[in-house]
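# Remarks on the overall topology
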Amino acid sequence: MNLLNKIGLNNLKQTFQLLLPYLLKHRAAYAGLLFTMTARILLTIAFASFYGRMTDTATHGNLNGLTQLTVMGVGLLLVMITINYLDTFFECAAIYGVKRDLKVALFRQTLLLRADTMAAIRSGDLISRFDNDMNQIEQMLGSRLVDLIRLPLVYLCVFTFLFHINPVLSLISWAIAPAAIGGSALFGFLMRRNSRQINDLAGENTQIVSETLQGFSVVRSFVLERSFFRSYSKQNRRLYRLEMKNANLRGLYNSAGQVAVSATFLASLCLGAYFVSNNQMSVGALVTFITLVNQLVFPLMNAAGNWAAFQKASGSIERIQYVLNLPIESGDLPDPVIPVVKQQFVPLSVEFDAVSFYYKPGKPVLSHFTLSVPAGKKTAIVGFSGAGKTTLFSLLMNFYHPQSGFIRINGRPLNDIPLAELRGRIAHVPQDPTLFNGTIRENLLLGRERDGHEIEYATRSAMIHDFICSLPDGYDTPIGERGIILSGGQKQRLAIARAMLKDAPILLLDEATSALDGETEHKVKSTIDRLMVGRTTLVIAHRLSTIRNADKIVVMENGKIVQEGTHSTLMAEPGLYRRLYQSDFVREKKSQALI
């Protein structure tokens, strides 16, 4: 087993297990490659025979024979051109078809990954699998894959043909076969080990670039340009050394191959000349033999080169297979629940029943948490950072699963509700809204159909309409990656408008107005209050003055509820809420004094 691992046979098996469904899907293209492969083998032998016959015909002064052979040569040339065109066409169809389907499968798997799995993967490393690893796999598709059949077949056909011409000369090729096979096994092992390290480093490089671009303003404000530059340069120096090590291996291997080819050619030429001088074979037969003898050596060397390419790609296959084997949250992509026309919804109750949850064992975030949220009511959740407030939202949207306890919506267990139906019933406004690289309109709708009046009503309510109209292209203005042209407050107002357009019966607000100034927050708050009417609303807030009118306020500490009630009842009793409210009141006063 260790020997199989070292020479890479187990990697070859793993490679074909992953690729076989995609190869079968494009079997027509690979059938075309097999056809052109057979034709090229026959053309190789036909051209070699043609050269020999042409030489013998010329030495005998047979002009009629030369004329016939010339016509035959033109015909062979036209056939070769046609076969080369077909070979290129079928190879591109096979390579790009398999690569496309494999990338689509990888992206689909990424969309289905569980939230805890995604949190553990570095985005740059994942992007590298779509880019660098896919390019490595591309190198082993198409003709290289068909060469696994073609090269041994070429070797056998040419050897049989040459053995028929001169058995003694043909046996020379057998001398280099063991060395070529042994060298390819060693070369493949070294290449696979290096390639795995190169792929990992490429992922780390992509991660550095991704973090730099995403946090560009932070990099500049903390003067981290030199630090990031040093890290990136160091990684690239390591990558350069590994790539040069691969280049040295390829150079040594190719040089050894050239020595083997030249030695075989020279030995065949010298011994063949001796046979010609003794009239044991004709000059034409020697020309045919010399033309074909390289076809005995090159299959061995090319097969070894292809083997090295397979070994190099096997590291990428392992990385792709790793992602494809990660646990997913559902077996298929959910279809969004988007009503064609606006419908009147029924308020839904939410219940957390003795829920316990941790991200890491031994570090509980929620401990036997129980909370009942009445349908159509507003419930505010307050507490120190790290108390588990945002985790409640993640659990409610089924991003994570509690280790114990149950979550129900209208008495129905969360796990019994299809993901698309569950998330279609929830509108979430996070503290740091995610915006996509598209237009404002596209970010507001996210695939939903709403008329212009509904869009304008939502944006006016969120106090963002006038700003949008001031842009050159209005609602069709591109906002850049992650909404880079917008301020934090503008992003939050867009997110609020987007939640209004989703029109879901459950509303989750996680510090939804934290980036707004006091005046804008006061105006937007009235809009949010109208939005909450008839909806079951959960609000996370650190600015406690914004949740005074909540139907119920829940105070959390260390993953548990320590107080609950209305603002007036909680202020009337000593406890964490009153301390939080008083400290928040002092902060607001100081802030107003500074202004």
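Values in this document were obtained by computation on a predicted structure and should not be read as measured data. (Residues numbered from 1 in each chain as written. Predicted model: local features only at pLDDT ≥ 70, side-chain atom pairs only at ≥ 80, totals over all residues. Heavy atoms only, no water.)

Moving on, we come to the UniProt feature "transmembrane region" (unreviewed entry) in the chain. Feature annotation in UniProt places "transmembrane region" (unreviewed entry) on residues 28-51, 71-98, 148-165, 171-191 and 251-275, given in this structure's numbering. Between the C-alpha atoms that bound residues 28-51 the distance is 34 Å, and the span itself is 100% helix and 0% strand. (UniProt positions renumbered as here; feature names shortened; annotations may be inferred. Helix = DSSP H or I, 4+ residues; strand = E, 2+ residues; numbered from the N terminus.)

Moving on, we come to the nonpolar core. Of all hydrophobic cores here, the largest spans 44 residues; its most connected members are Leu19, Tyr30, Val98, Ile137 and Leu141. Going through the elements one at a time, α2 (9-25), α3 (27-59), α4 (63-112), α6 (123-138), α7 (143-165) and α12 (283-324) are the ones with two or more residues in this core. The leading source of residues in this core is α12, at 11 residues. For Leu19, the contacting residues outside a window of four places in its chain are Val98, Leu102, Met140, Leu141 and Ile317. (Core = buried A, V, L, I, M, F, W, Y, C linked by side-chain atoms within 4.5 Å. Buried < 20%, exposed > 50% of the residue type's maximum accessible area, 1.4 Å probe, protein only. Contact = heavy atoms within 4.5 Å.)

Further remarks concern the packing of α4 against α6. Where α4 contacts α6, the axes come no closer than 11 Å and their chain directions differ by 160 degrees. Comparing their axes, α6 and α4 come out roughly antiparallel. Handedness of the crossing formed by α4 with α6: right-handed. Contacts between α4 and α6 involve Ile95, Tyr96, Lys99, Leu102, Lys103, Leu106, Phe107 and Thr110 from the former and Leu126, Arg129, Phe130, Met134, Asn135, Ile137 and Glu138 from the latter. Across the contact of α4 with α6, the residue classes break down as 9 nonpolar, 2 polar and 4 charged. (Axes fitted to C-alpha atoms, helices over the stretch in contact; angles between N-to-C directions. Parallel < 35°, antiparallel > 145°, perpendicular 65-115°, else oblique. Left-handed = near helix turned anticlockwise from the far one by under 90°. Nonpolar A, V, L, I, M, F, W, Y, C, P; charged D, E, K, R; others polar.)

To continue, consider α6. For α6, with 16 residues, the first-to-last C-alpha span of 22 Å sits near the 22 Å given by 1.5 Å per residue. At Arg129, α6 is bent by approximately 40 degrees, the largest bend along its length. Every buried residue belonging to α6 is among Gly124, Asp125, Leu126, Ser128, Arg129, Phe130, Asp133, Met134, Gln136, Ile137 and Glu138, and all of these are buried. (Expected span 1.5 Å × (residues − 1). Bend = angle between axes of the 7 residues up to and from the residue.)

Let us now look at the pattern of salt bridges. This model, assessed by the stated rule, comprises 14 salt bridges. Taking the shortest distance from any N to any O, the salt bridge between Glu421 and Arg425 comes out at 2.6 Å. Overall, the relative accessible area of 26% leaves Arg425 in the partly exposed class. For Arg535, the salt bridge is made with Asp503, and the minimal N-O distance between the two is 2.2 Å. Highlighted residues: Arg535 in the loop between α19 (518-532) and β8 (536-540) and Asp503 in the loop between α18 (488-502) and β7 (506-510), separated in sequence by 32 residues. Each member of the pair, Arg535 together with Asp503, is buried. Taken together, the shared-partner salt bridges in this structure form one network comprising Lys25, Arg100 and Asp101. (Salt bridge = Lys/Arg side-chain N within 4 Å of Asp/Glu carboxyl O.)

A separate point is the sheet that holds strand β5 (residues 412-413). Taken in spatial order, the 4 strands line up as β2-β1-β4-β5 in an open sheet, and their pairing is antiparallel. Strands at the two margins of the open sheet, each flanked by one partner only, are β2 (363-373) and β5. Two elements, strand β1 (residues 350-360) and β2, share 7 bridges in a ladder whose sense is antiparallel. From the neighbouring strand, Glu351 faces β2, where its bridge partner is Ser372. Relative to the sheet, helix α13 (residues 389-396) contacts β1, β2 and β4 (404-409), its axis offset from that of β1 by approximately 110 degrees. (Pairing = 2+ DSSP bridges.)

Averaged over all residues, the pLDDT of the chain equals 78, while 82% of them reach at least 70. Confidence over residues 1-8 falls short of pLDDT 50; this stretch has 15 contacts with residues more than four positions distant or in other chains. (pLDDT = per-residue confidence, 0-100.)

Here 6 strands make up an open sheet; going across it, the order is β6-β7-β8-β3-β9-β10 and the pairing mixed. Sheet topology places β6 (426-429) and β10 (560-565) at the edges, where each strand pairs with a single neighbour. The average angle at which neighbouring strand axes cross in this sheet is 20 degrees, direction not considered. Inspection of the sheet shows strand β9 (residues 552-557) paired to β10 by 5 bridges, in the antiparallel sense. Its bridge partner lying in β10, Val554 is registered against Glu564. Across the sheet, α13 touches β3 (378-383), β6, β7, β8 and β9, and the angle it forms with β8 is around 145 degrees. Contacting β6 and β7, α18 runs over the sheet at an angle of about 175 degrees to β6.

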